[in-house]
Amino acid sequence: MAKTPSSSQAPVAPASYEEALTELERLVASMEGGQLPLDRLLASYQRGAELLTLCRSRLEAVEQQVKVLEDGQLKPWTPE
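Caption draft 1: Structural context of the overall build of the protein. Looking only at helices and strands, the protein has two helices and zero strands in total. A total of 80 residues make up the protein; the buried ones form 12% of that total. Within the protein, counting contacts between residues at least 6 apart in sequence, those at least 24 apart form 61% of the total. As displayed, the protein offers around 7,000 Å² of accessible surface, 58% of which is attributable to carbon and sulfur atoms.

Caption draft 2: Structural context of the side chain of Arg-47. On the secondary structure map, Arg-47 appears in helix α2 (residues 38-69). At 3.0 Å, the side chain of Arg-47 and the backbone oxygen of Val-12 are in polar contact. Excluding its chain neighbours within four sequence positions, the residues that come into contact with Arg-47 are Pro-11, Val-12, Pro-14, Glu-23 and Leu-27.

Caption draft 3: A look at the nonpolar core. Of all hydrophobic cores here, the largest spans five residues; its members are Ala-20, Leu-24, Leu-27, Leu-51 and Cys-55. For this core, the element with the most residues is helix α1 (residues 17-32), which contributes three residues. Contacts of Ala-20, omitting those with residues within four sequence positions, involve Pro-14, Leu-51, Leu-54 and Cys-55.

Caption draft 4: Geometry of the confidence of the model for the protein. Averaged over all residues, the pLDDT of the protein is 83; the fraction at 70 or higher stands at 76%. Every residue in residues 1-6 is under pLDDT 50, and counting partners more than four places away or in other chains gives zero contacts.

Caption draft 5: Geometry of α1. A rise of 1.5 Å per residue sets the reference length of α1, with its 16 residues, at 22 Å; its end C-alpha atoms lie 22 Å apart and thus fit the reference within 8%. For α1, the set of buried residues is Ala-20, Glu-23, Leu-24 and Leu-27. Looking straight down α1, one finds that the buried residues subtend no more than 100 degrees of arc, so they occupy a single side. The exposed set on the far side of α1, more than 90 degrees from its buried face, consists of Glu-18, Thr-22, Arg-26 and Glu-32. Looking at the buried side of α1, the elements it contacts are α2.

Here is what the cut-offs are and how they apply
Residues numbered from 1 in each chain as written. Predicted model: local features only at pLDDT ≥ 70, side-chain atom pairs only at ≥ 80, totals over all residues. Heavy atoms only, no water. Helix = DSSP H or I, 4+ residues; strand = E, 2+ residues; numbered from the N terminus. Buried < 20%, exposed > 50% of the residue type's maximum accessible area, 1.4 Å probe, protein only. Contact = heavy atoms within 4.5 Å. Areas by Shrake-Rupley, 256 points an atom, 1.4 Å probe, with all protein chains shown as cover. Polar contact = N/O pair within 3.5 Å; in protein donor to acceptor, adjacent residues only side chain to side chain. Core = buried A, V, L, I, M, F, W, Y, C linked by side-chain atoms within 4.5 Å. pLDDT = per-residue confidence, 0-100. Expected span 1.5 Å × (residues − 1). Arc of directions from axis to C-beta.

Here it is as structure tokens:
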């Protein structure tokens, strides 16, 4: 019998911060809906925690790049 892809496989990491944030928002909305079975709720929570970690690390990386560009001093951003 051929195996079909299942949820036991590791989910693919989003290609961008925006994709990760969109998926995280979708997960939160479905969890807040209160209609998920317990096992799906737990899996959604775990995936959400992974996405949150990914988003935070990408934001920190961008902050570090900005610090380098600003000679090590993070200056307030002002729209032009």
